[in-house]
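These are the residues of each chain, in order.
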Amino acid sequence: MKSWRITLLPALLLALGMGAAEPAQAVTEKTRTLVTLHKEGGFAGLNDQVIVYTNGCVRLSRRTGPTVDECLTETEMRTLRAHLKNLRLGRSEPQPQGADFIKYTIAYRGTRVSRYTLPSSWSPVVRDLEKAMEKYWEPD
């Protein structure tokens, strides 16, 4: 009876270890962020966030509704990477006077910058990320 336990226990531990290693690896790969866009403000109370991971998958969230995880097509990812090559973050912009402004925050390569007006190098990136939000985010 004891020999049965001695043989089964290591096999069981090995099987459990193999099964646990794969999801941990997938989580680690997915959590490496390529770029993040956070769009907030305005009278509508926007609070949209798009996180693009290096593996091409995205996490989309809005003020209301679910958080959605999807993957971009190869073409979408290639286009985004091309636009990111031309992205110049610059410096954050102070909040303007008034009430109905949308704040765009981009985090890329360890730098986070917020703007209220979009510089020309930001527009293609923001457009790509907004398209992903419209295409893949579906409310309940």
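This text goes with the structure placed above it.
Residue positions are counted from 1 within each chain, in the order its sequence is given. In keeping with the predicted nature of the model, local features appear solely for residues at pLDDT of at least 70, side-chain atom pairs appear and are counted solely at 80 or more, and the whole-chain, interface and lining totals rest on all residues. Side-chain measures here rest on the full set of heavy atoms in the structure, leaving out hydrogens and waters.

Engineer: Help me get a handle on the pairing of strand β5 (residues 102-108), residues and values and all.
Structural biologist: Exposure categories follow from relative accessible area, calculated using a 1.4 Å probe and restricted to protein chains: below 20% of the type maximum is buried, above 50% is exposed, and the middle band is partly exposed. Per the convention used, a helix needs a DSSP run of H or I reaching at least four residues, while a strand needs a run of E reaching at least two, with both numbered from the N terminus. Judged by how many residues are buried, β5 sits mostly within the fold: five of seven residues are covered. Paired strands are those between which DSSP finds at least two bridges. Note: strand β1 (residues 33-41) against β5, seven bridges, orientation antiparallel. Looking at β5, one finds that Thr-36 is bridged to Ala-107. For β5 and strand β6 (residues 111-115), the ladder comprises five bridges, and the chain directions are antiparallel. In the strand pairing of β6, Thr-105 is matched with Ser-114. A loop of two residues connects β5 with β6, the two strands running antiparallel in sequence, and Arg-109 in this loop sits at a positive phi of about 55 degrees.

Engineer: For helix α3 (residues 123-136), give the residues involved together with the corresponding values.
Structural biologist: Counted at 1.5 Å a residue, the expected span for α3 with its 14 residues is 20 Å, and the 20 Å between its end C-alpha atoms agrees. Within the span of α3, buried status applies to Pro-124, Val-125, Val-126, Asp-128, Leu-129, Ala-132, Met-133 and Tyr-136. Residue contacts follow a heavy-atom distance rule, with two residues in contact if any of their heavy atoms lie within 4.5 Å. Buried positions along α3 lie against β1, β2 (46-53), β3 (57-61), β4 (68-71), α2 (74-85) and β5. Here a helix's expected span is defined as the number of its residues, less one, multiplied by 1.5 Å.

Engineer: Which residues make up the environment of Gly-42, and what are the values?
Structural biologist: If you trace the backbone, Gly-42 turns up in the loop between β1 and β2. Gly-42 gets classed as partly exposed once you look at its relative accessible area, which sits at 22%. Considered as a pair, Gly-42 and Ile-102 are 60 residues apart in the sequence and their alpha carbons are 5.2 Å apart.

Engineer: How would you sum up unusual backbone geometry? Please name residues and give values.
Structural biologist: A positive phi is found at Arg-109, a non-glycine position, where the angle reads about 55 degrees. Residue placement: Arg-109 occurs in the loop between β5 and β6.

Engineer: Report on the sheet that holds β3, specifying residues and quantitative values.
Structural biologist: Spatially, six strands are ordered β4-β3-β2-β1-β5-β6 in an open sheet, and the strand pairing comes out antiparallel. At either end of the open sheet lies a strand with only one pairing partner, and these are β4 and β6. Averaged over all pairs of adjacent strands, the angle between their axes in this sheet comes to 15 degrees, without regard to strand direction. Throughout, an axis means a line fitted to C-alpha atoms (over the contacting stretch in the case of helices), and angles, computed between N-to-C directions, take values from 0 to 180 degrees. Relative to the sheet, α2 contacts β1, β2 and β5, its axis offset from that of β1 by approximately 80 degrees. Sheet strands in contact with α3 are β1, β2, β3, β4 and β5, and its direction is about 100 degrees off that of β2.

Engineer: How would you sum up α2? Please name residues and give values.
Structural biologist: For α2, spanning twelve residues, the distance from its first C-alpha to its last is 17 Å, which sits close to the expected 16 Å at 1.5 Å a residue. For α2, every residue scored as buried is listed here: Met-77, Leu-80 and Leu-84. Across the axial projection of α2, the buried residues extend over an arc of 65 degrees, all falling on one side. Among the exposed residues of α2, those oriented more than 90 degrees off its buried face are Glu-74, Arg-78 and Lys-85. The inward-facing, buried residues of α2 abut β1, β2, β5 and α3. Directions pointing from the helix axis toward each C-beta atom define the arc.

Engineer: I'd like to hear about the nonpolar core, residue by residue, with values.
Structural biologist: Side-chain atoms within 4.5 Å are what join buried Ala, Val, Leu, Ile, Met, Phe, Trp, Tyr and Cys residues into a set we call a nonpolar core. Grouped together as the largest cluster of nonpolar side chains are 26 residues, with contacts concentrated most on Val-35, Val-52 and Ile-106. Secondary-structure elements contributing two or more residues to this core are β1, β2, β3, α2, β5 and α3. With six residues, the top contributor of residues to this core is α3. When sequence neighbours within four positions are dropped, the list of residues in contact with Val-35 reads Val-50, Ile-51, Val-52, Leu-80, Leu-84, Ile-106, Ala-107, Tyr-108 and Leu-129.

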